[in-house]
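If you want the building blocks of each chain, they are given just below.
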Amino acid sequence: MTACNHKWEMIDILYGYLVVEGCPRCGGRTSFFSTEAVAPIDEYKEGDHFWIYLGSSQAVKFNLKCTKCNEIVHLDDLMGLMMSTCDRPQCEVANIAKSAGKGSSVYVALCADSTHSSGKCISEKGIDALNQYFNQNIKTPEKKILVVPCSKCCGIDVCEGIVIADVGLTDIY
Amino acid sequence: MKISELVKKTGLKAINESEDKTIEGVYISDMASDIITNAKANMLLITLQTHKTLIAAANLIDVAAIVFVKGKKPGNDVVDLATKVGIALFSTEDDTWTFASKLTRLGIQ
């Protein structure tokens, strides 16, 4: 049996809010996706954490489905994508971007738990599918998109990049 | 239609230098989340937004060029990023409807 040369398409596209919360006790951050009409701003206790609302932005969630073999890759853990502009020498993402060369752009797949205290990030399968999806549609020769998990960032608060989310865009209208 | 031909026919003002790609469609949007789910490679993106986030979204999709309507001009950091990733930027004094109508009359849809 030969492996499928996947042709991915976006499915289950949901538009909503990416809500970011922080815990002042541990400094941790968490985020979730909400499809409510107004982004929730609740404060609540969860174990040792006390989550407070930090901000929200309009965002999109989706899964990927192969049109050839019907395989579906669920991207429940994907909270957003960030185009990396980080140049810190100790940052693995920055080093990946440096070695990727001209024509390559590195995007960080952001998961819900920036601390990665659970040891989890976006799945390898999800990262592979995202890489295949975005590169399969590129028409510019020598252009390449590299999607990497946020566990490779030098730190979610210091790693530089442009998050693809609609926050603050309307300020300049 | 090549970007250079489009510039001649619509009077677009170039903001940066880039490759003369062939436009294969048009998408109008001011939202990054909408662009990454609906725009396609080599499309012309028409927008009122000049935020850097749009370049990050357009690059992911391999958008050929962006037209900022109503005379909007992005900051230098936005122009530098677009140039680095090979996205052509243009400005027009037209509003979105007027410019889109021009494209339709030229047979670009």
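Structure's up top.
In this report, the structure presented in the accompanying data block is examined. (Residues numbered from 1 in each chain as written. Chains lettered and ligands numbered in written order. Predicted model: local features only at pLDDT ≥ 70, side-chain atom pairs only at ≥ 80, totals over all residues. Heavy atoms only, no water.)

### Regarding the overall build of chain A
For clarity, the threshold we go by: Secondary structure is summarised from DSSP: a helix means a run of H or I of at least four residues, a strand means a run of E of at least two, and numbering begins at the N terminus for each. The quantity called the radius of gyration is restricted to C-alpha atoms. Its globule counterpart is 2.2 Å times the number of residues to the power 0.38. Burial classes follow relative accessibility: with a 1.4 Å probe on protein chains only, a residue under 20% of its type's maximum area counts as buried, one over 50% as exposed, and anything between as partly exposed.
In terms of helices and strands, chain A carries 2 helices and 9 strands. Rg of the C-alpha trace for chain A: 17 Å, near the compact-globule value of 16 Å for 173 residues, within the 12% margin. Judged by the C-alpha coordinates and their principal axes, chain A covers about 50 × 40 × 40 Å. Classification of the 173 residues of chain A by burial places 42% in the buried group.

### Some words on the overall build of chain B
Filter applied, for reference: The contact definition used throughout considers only heavy atoms, calling two residues in contact when any of these lie within 4.5 Å. Residue burial considers only the protein chains on display, and all accessible areas are found by Shrake-Rupley using a 1.4 Å probe. Neither His nor the chain termini are counted; the positive set is Lys and Arg, and the negative set is Asp and Glu. By convention, the charge on Lys lies at NZ, on Arg at CZ, on Asp at CG and on Glu at CD.
Within chain B, the secondary structure is distributed over 5 helices and 5 strands. Shown N-terminal to C-terminal, the secondary structure of chain B runs as helices and strands in the order α-β-β-α-β-α-β-α-β-α. Computed over the C-alpha atoms, the radius of gyration of chain B is 12 Å, within 12% of the 13 Å expected from 2.2 N^0.38 for a compact globule of 109 residues. Counting only C-alpha atoms and orienting by the principal axes, one finds that chain B spans roughly 30 × 25 × 25 Å. Evaluated residue by residue, chain B yields a buried proportion of 59% over its 109 residues. A sequence separation of at least 24 residues applies to 46% of the contacts in chain B between residues at least 6 apart. When the accessible surface of chain B is summed, it comes to about 4,600 Å², and 50% of that surface belongs to carbon and sulfur atoms. Looking at chain B, you have 13 positive and 13 negative side-chain charges, and the mean spots of the two groups are 3 Å apart.

### Comments concerning the layout of surface pockets
Over the atoms, a rolled probe matching the size of one water molecule traces out where space is still vacant. Rules: The method works on a 1 Å grid over the protein atoms by themselves. A cavity is a set of points holding a 1.4 Å probe that cannot get out, a pocket is an open set with protein on both sides within 12 Å along at least five of seven lines, and residues with an atom within 4 Å of a point line them. Grid points are joined across faces, edges and corners, and a volume is the space filled by probe spheres set on the points. Residue classes follow a fixed rule: Ala, Val, Leu, Ile, Met, Phe, Trp, Tyr, Cys and Pro count as nonpolar, while Asp, Glu, Lys and Arg count as charged, and any other residue, Gly among them, counts as polar.
In this structure, the largest pocket encloses a volume near 690 Å³. Lining of the largest pocket is provided by 28 residues; of these, Lys-102, Gly-103 and Ser-104 of chain A together with Lys-84 and Val-85 of chain B occupy positions nearest its centre. Listed by contribution, the elements that provide at least two residues to the lining of the largest pocket are strand E6 (80-84), helix H1 (92-100) and strand E7 (104-110) of chain A together with helix H4 (76-85) of chain B. Here the element with the most residues in the lining of the largest pocket is H4 of chain B; it accounts for 4 residues. Looking at the lining of the largest pocket residue by residue, the classes come out as 8 nonpolar, 11 polar and 9 charged. Here the second largest pocket defines a volume of roughly 520 Å³.

### Let's talk about the pairing of E7 of chain A
Residues and elements named next belong to chain A. Under the convention used in this document: Any two strands are treated as partners once DSSP identifies two or more bridges connecting them. Seen with its strands pointing away from the viewer, a crossover is right-handed if its path from the first strand over the helix to the second goes clockwise.
Counting buried residues along E7, 7 of its 7 residues qualify, which places the element largely inside the surrounding structure. Taking every second residue as pointing to the same face, both faces of E7 are buried, with Ser-104, Val-106, Val-108 and Leu-110 on one and Ser-105, Tyr-107 and Ala-109 on the other. One ladder, built from 4 bridges, connects E6 with E7; its direction is antiparallel. Note on E7: the bridge partner recorded for Met-83 is Tyr-107. A crossover connection joins E7 to the parallel strand E8 (residues 144-149) through helix H2 (residues 124-136); in handedness this β-α-β unit is right-handed.

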